[in-house]
Amino acid sequence: MCGVQLADAAIPADAFVADAAFIDATVGCGDGLVDPGNDEDCDDFNTTNSDGCSDICQVEPGFICVAGPSECHRTPGLGQVIITEIHKDPSGVNDLSGEWFELHNLSDETFQLLNTSFRDFNLESFSIDVPLAIAPAQSLVFGNNGNTATNGGVDVDFAYPTADFILANDGDEIIMTEGLSDVEIDRVTYLDISFPDESGRSMSLGANAYSSTSNDVGANWCDGQTPYGDGNLGTPGQLNPACP
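The structure displayed is predicted, hence computed values, not measured ones. (Residues numbered from 1 in each chain as written. Predicted model: local features only at pLDDT ≥ 70, side-chain atom pairs only at ≥ 80, totals over all residues. Heavy atoms only, no water.)

Turning next to the overall build of the protein. Counting secondary structure elements, the protein contains 2 helices and 16 strands. Expressed as a percentage of its 244 residues, the buried residues of the protein come to 44%. In the protein, of all internal contacts separated by at least 6 residues, the share reaching a separation of at least 24 is 54%. Total accessible area computed for the protein in this model is approximately 12,300 Å², and 54% of it derives from carbon and sulfur atoms. (Helix = DSSP H or I, 4+ residues; strand = E, 2+ residues; numbered from the N terminus. Buried < 20%, exposed > 50% of the residue type's maximum accessible area, 1.4 Å probe, protein only. Contact = heavy atoms within 4.5 Å. Areas by Shrake-Rupley, 256 points an atom, 1.4 Å probe, with all protein chains shown as cover.)

Now the structure itself:
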């Protein structure tokens, strides 16, 4: 069989220039890969400012960026995310296994809750140490036990260490702050004499009182009304009903 020799194909002189330009445009800030060696704190696939990750891939003030490509959201400000339900005295399960409280996002913006802190006046506290976004009109549940088989059947979005934060039955506080600045987002101070206090039923903020000032007033709260899980009453993770 006769061998056939193909002539070398002519390669345009600018082909390598185009390839080099493509590489330069896709590697570095804006490529979706966070490169600490290139002094990048974030990378959201663009070099646009005011979206959380700047044109030089630095996290902008008031934002938290997670993963890569980076997902950037603001941290909530005062009254944008509020406390709407507290279950301090569950029945059928020990308090140290079944306490929980609920947050609700009042705004039309998704917020990042990473580093958000919760404390009371007794120096009990915990912080959210994993990325956790809360969407507009979404409610999230925080409890001392994430196991539905032993916590009364409540689905918990974030489980905090039991010993770090206890919801006292005779009165307590939940003070929520932005973790890095310690700026307060919301707080509720509840007392037996002015807030609902029936075992097995959550303290539920009435649906018409969803604000950071209305949730300061005990008269705007009532006992949970809807059975969930193993038989306690409340609406964890859902919009609360109006109080009777």
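A few words on the environment of G146. Mapping G146 onto the fold places it in the loop between β9 (139-143) and β10 (158-159). Judged by relative accessible area, G146 falls into the partly exposed class, the value being 48%. The spacing of G146 and G98 is 48 residues in sequence and 9.0 Å in space, taken between C-alpha atoms.

With that settled, consider the pairing of strand β12 (residues 184-191). Of the strand pairs in this sheet, strand β11 (residues 171-177) and β12 are connected by 7 bridges, and their pairing is antiparallel. Bridge assignment links G171 to a residue of β12, and that residue is L191. Here β11 folds back onto β12 in antiparallel fashion, the turn holding 6 residues, of which D182 has a positive phi close to 65°. (Pairing = 2+ DSSP bridges.)

As a further point, take the sheet that holds β10. Sheet architecture is open: 6 strands sit in the order β10-β9-β4-β3-β13-β14, paired in mixed fashion. The sheet is open, and its two edges are formed by β10 and β14 (221-223), each paired on a single side.

It is worth spelling out the environment of D172 at this point. Checked against the element boundaries, D172 lands in strand β11. Classification of D172 as buried rests on a relative accessible area of 3%. Sequence-wise, D172 and D120 are 52 residues apart; in three dimensions their C-alpha atoms are separated by 7.0 Å. Apart from the residues lying within four places of it in its own chain, the contact partners of D172 are D120, N122, I166, L167, V188, T189 and Y190. Of note is the side chain of D172, whose polar atom sits 3.0 Å from the backbone nitrogen of A168. (Polar contact = N/O pair within 3.5 Å; in protein donor to acceptor, adjacent residues only side chain to side chain.)

Below, the discussion takes up the state of the cysteines. For the structure shown, the criterion picks out 4 disulfides. The partner cysteine of C42 in its disulfide is C53, sulfur to sulfur 2.1 Å. Measuring the twist about the S-S bond at about 95°, one finds the C42-C53 disulfide to be right-handed. A residue pair is termed long-range when its members are at least 10 positions apart, and C42 in the loop between α1 (15-26) and β1 (63-66) and C53 in the loop between α1 and β1 qualify at 11 residues. Accessibility assignment for this pair places C42 and C53 in one class, buried. The partner cysteine of C222 in its disulfide is C243, sulfur to sulfur 2.3 Å. The sign of the -85° torsion about the S-S bond sets the C222-C243 disulfide as left-handed. Of this pair, C222 sits in strand β14 while C243 sits in the segment after β16 (232-233), placing them 21 residues apart in sequence. Cysteine pairing in the protein follows 1-4, 2-3, 5-6, 7-8, where each cysteine in a disulfide is numbered by its order in the sequence. (Disulfide = S-S within 2.5 Å.)

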